[in-house]
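Here is what each chain is made of, one letter per residue.
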Number of protein chains: 2
Amino acid sequence: MAQKPSIPKGTRDFGPLEMARRNYIFNTIRQVYALYGFRQIETPAMENLSTLMGKYGEEGDKLLFKILNSGDFRHGVTAADYEALQPAQLAARYCDKGLRYDLTVPFARYVVQHRDELQMPFKRYQIQPVWRADRPQKGRYREFYQCDADVVGSDSLLNEVELMQIVDEVFTRLGIRVCIKINNRKILSGIAEVIGAADKIVDITVAIDKLDKIGLDKVNDELRATGLNEAAIERLQPIINLQGTNAEKLDVMRQALAGSEVGLKGIDEVAFVLDALAGSGLRNAIDLDLTLARGLNYYTGCIFEVKALDVQIGSITGGGRYDNLTGIFGMPGLSGVGISFGADRIYDVLDQLNLYPEAAAGGSQVLFINFGPAEAACCLRLAAQVRRAGISAEVYPDSVKMKKQMQYANATHVQHVALVGEEEMKQGLVTLKNMTTGQQQQLTPEELVAALQQA
Amino acid sequence: MAQKPSIPKGTRDFGPLEMARRNYIFNTIRQVYALYGFRQIETPAMENLSTLMGKYGEEGDKLLFKILNSGDFRHGVTAADYEALQPAQLAARYCDKGLRYDLTVPFARYVVQHRDELQMPFKRYQIQPVWRADRPQKGRYREFYQCDADVVGSDSLLNEVELMQIVDEVFTRLGIRVCIKINNRKILSGIAEVIGAADKIVDITVAIDKLDKIGLDKVNDELRATGLNEAAIERLQPIINLQGTNAEKLDVMRQALAGSEVGLKGIDEVAFVLDALAGSGLRNAIDLDLTLARGLNYYTGCIFEVKALDVQIGSITGGGRYDNLTGIFGMPGLSGVGISFGADRIYDVLDQLNLYPEAAAGGSQVLFINFGPAEAACCLRLAAQVRRAGISAEVYPDSVKMKKQMQYANATHVQHVALVGEEEMKQGLVTLKNMTTGQQQQLTPEELVAALQQA
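Residues numbered from 1 in each chain as written. Chains lettered and ligands numbered in written order. Predicted model: local features only at pLDDT ≥ 70, side-chain atom pairs only at ≥ 80, totals over all residues. Heavy atoms only, no water.

Asker: Could you give me a rundown of the overall build of chain A, with the residues and numbers involved?
Answerer: From N to C terminus, chain A includes 18 helices and 16 strands. Relative to the compact-globule value of 23 Å for 455 residues, chain A shows a C-alpha radius of gyration of 28 Å, a clear excess of over 25%. Along the three orthogonal principal directions, the C-alpha set of chain A runs to about 90 × 70 × 45 Å. Burial status across chain A gives 59% buried among its 455 residues. In chain A, 68% of the contacts between residues at least 6 apart in sequence involve partners at least 24 apart. Surface accessibility of chain A: about 18,900 Å² in total, with carbon and sulfur atoms responsible for 48%. Charged side chains of chain A number 50 positive and 56 negative; the gap between the two group centres comes to 5 Å. (Helix = DSSP H or I, 4+ residues; strand = E, 2+ residues; numbered from the N terminus. Rg over C-alpha atoms; globule rule 2.2 N^0.38 Å. Buried < 20%, exposed > 50% of the residue type's maximum accessible area, 1.4 Å probe, protein only. Contact = heavy atoms within 4.5 Å. Areas by Shrake-Rupley, 256 points an atom, 1.4 Å probe, with all protein chains shown as cover. Lys, Arg positive; Asp, Glu negative; His and termini not counted. Charge placed at Lys NZ, Arg CZ, Asp CG, Glu CD.)

Here it is in structure tokens:
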């Protein structure tokens, strides 16, 4: 036999069980997005490279998968050019299209391209794969799904409130206990301002963002390395080490930032969001965390991140408000706020905590065992009857040994098997066996439907 | 403002309305597949080119989108090679990966790669996009979804029966009246055999497959052009023109094919499938059509095709049995049977017949109008309450003019708006307006939930 075929490194096949579990996650997110009035869109896997290039930094450009033009892709590139040009320059001549790298840039492109058809505020969600030519490693793939929701065209903080409710609802439905961390870019700006280092805001936040990972001493070392003087570092300490309830933290910060207009604005924004959420029955804690910074070049207002409480893993959801989604495509001043669920990490959390419900295995509710042509014909009719009641059912297609059929039932996570042998046919009965408990009962067709509906 | 960004030709953005309607189709197909015990898998968008090349004919190889290798893709290709080699040869040196062209070859690759984990029979479905560098034209795209279901590892005709039930169920749920056409490759072989032209089976079936499109005279011209003698063409006429019920046709053909073992086998297979379906309450007609041939190089047993009755459009679903899915990957003798729904055409049929249910517009069930901060806070609580009952709800995030908010409600296909002004707040009531009928009623929060649940 020939060598087994394989797939490109960093990509994955999802078999039936893994797929059923992934669908359980995606459907939960999808349903909650829809419950809050977000509407799904899809964009093409391929975008023009002019849309993608320059949007993810120099490193990002290298990580774009580029698609060779059809036909004679060499057109106009001579052998001399071929020798003179760099690979990246040549690629730009051979390729007009690339695979999307994230969902944000295609969304920005979509909004600008369809600006005349869109009703603002535009609440969209998008669940599609993205591709990155990263070096594959544990937990990092070259093809993976992103699950983004954004509201653009509204400055209202009610959008932030709804996104936090969505996060709370999704993780409650999945059974994952989380802490939602919130911060605000304006608070970080205010801090930099009051310690007299407004120009160092990026360096400072990059450093304090690492508190969880490297500890206070090393954060202070990094702050020093950015050129911050000891007085400024001193003034940062109570802020980095801030403890207490959200209300207590807000009080302390309101004092600390008294001299900074932008800082106080950030405090007000966070206070509004926390206040609105206080009455809404969140089931997970929301925690003001001043060390939370995320991608600062992008976010301009509230930022959030979600950590699982019972598993050691990076953030499983994140997001924030930005001021200029579409400026890069010539449409400035469009503000928005968004979140993104990390499906692969959520998968791992559910797996580690063993939280998948039985139904998420995706097996049929009932498999009719095949004892021969006459019995199978009878089972076909019974299967049609239970399916009309919305119950997923299969008739084993071949009348092979019972053992093989039961093996199939086990391997495909079937919940019940139904046996109709000669005796049952005569009596018009079905023997139903629960595959989990092993319990068996003899039932009429009507009782069969009822029993499966209740199961 | 800069030039509007665009997407590659032959690709599409799916906005919220189109997406909701596509989801309505995909979810219907998905639910019916699951109802019959098919389990979903997904394979990567990128496959190794060694997996894809040579599987779709010479023309197909040209239509594969190839992905430029990362880094220095020129590695080992000198300027002299560059001038000497053909574009296709160069592409093979620059690219290891390509985008999948259909779902069948990746499925075959999947089955061989995972043969040791798979429990046979393996019933899988797969709904994913495929990419072809075809010249774009009306109804033909460079990126489009396929929706395939296959059972491999079972020769039983019960699989054919279930697939026909699935077809019937899907189109019944969608409200599309269809005719299911069935034929069998063995019958076609038998015909070629009895007219003494077994070697011309492919030519004959290609010609008679065109009966619908070009008429009998031109079909006969084509048959002559294949080198068939007049006696053979004469003997074909009653077969091409066969009329009557399925039972009558089978009787006539059983006589006509009396001398052909394979032909009679084909008759028996079709008779079994039609017989099993007769008692199963199909709601659409199933029709033995001897002119149906489809891709003969691939199919070996029953073949089927679905035509919409009320719209002029090509076949909207097709499939059949094949004998050797995985031989090309070194695993011979694996038989299977499959179907594929044509989502884009089904979309057009539903569109033309105006068959989309209101809910398929994907709008929220209720939008709370925003009259100011105090009212909005009240609406946030009410929205949380209705969502707990599973009702999709939005609070308009900004307290802008009523007209603008109603415009949003209309544009996003919201089903009801809820108004909570100063007066309503005092009384603890909500005014609910049905956006279709224009009817308004004042309700308590509990009555609001009940009214929306019943709507």
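The discussion continues.
Asker: So what's going on with the side chain of B:Q126? Residues and values would help.
Answerer: Within the secondary structure, B:Q126 is located in strand β5 (residues 122–131). Looking at B:Q126, its side chain comes within polar contact range of the side chain of B:Q128, at 3.0 Å. (Polar contact = N/O pair within 3.5 Å; in protein donor to acceptor, adjacent residues only side chain to side chain.)

Asker: If you had to explain the relation of the copies chain A and chain B to someone new, which residues and values would you point to?
Answerer: Note on the identical chains: chain A maps onto chain B by a rotation of 180° and an axial translation of 0.0 Å, with an RMSD of 0.1 Å. The symmetry that links the two subunits is that of a two-fold axis. For chain A, the minimum C-alpha distance to the rotation axis belongs to A:I67 and amounts to 2.3 Å. When the interface residues of chain A are mapped onto chain B, 100% of them again lie at the interface, so the same face is used by both copies. (Least-squares fit on C-alpha atoms with pLDDT ≥ 70 in both.)

Asker: For the interface of chain A and chain B, give the residues involved together with the corresponding values.
Answerer: Taken residue by residue, the interface counts 107 residues in chain A and 107 residues in chain B. Taken together, the two surfaces of chain A and chain B that pack against each other cover about 8,700 Å², and 58% of this comes from carbon and sulfur. Our count for the contact surface shared by chain A and chain B stands at eight salt bridges. In this structure, A:K4 and B:D116 form a salt bridge, with 3.6 Å as the shortest nitrogen-oxygen distance. Here chain A and chain B share 40 residue pairs in polar contact (both at pLDDT 80 or more) between them. Considering each element in turn, the side of chain A that touches chain B owes the most residues, six residues, to helix α1 (residues 16–35) of chain A. When its residues are assigned to classes, the side of chain A that touches chain B shows 52 nonpolar, 31 polar and 24 charged. (Buried area = accessible area lost by both parts, 1.4 Å probe. Salt bridge = Lys/Arg side-chain N within 4 Å of Asp/Glu carboxyl O. Nonpolar A, V, L, I, M, F, W, Y, C, P; charged D, E, K, R; others polar.)

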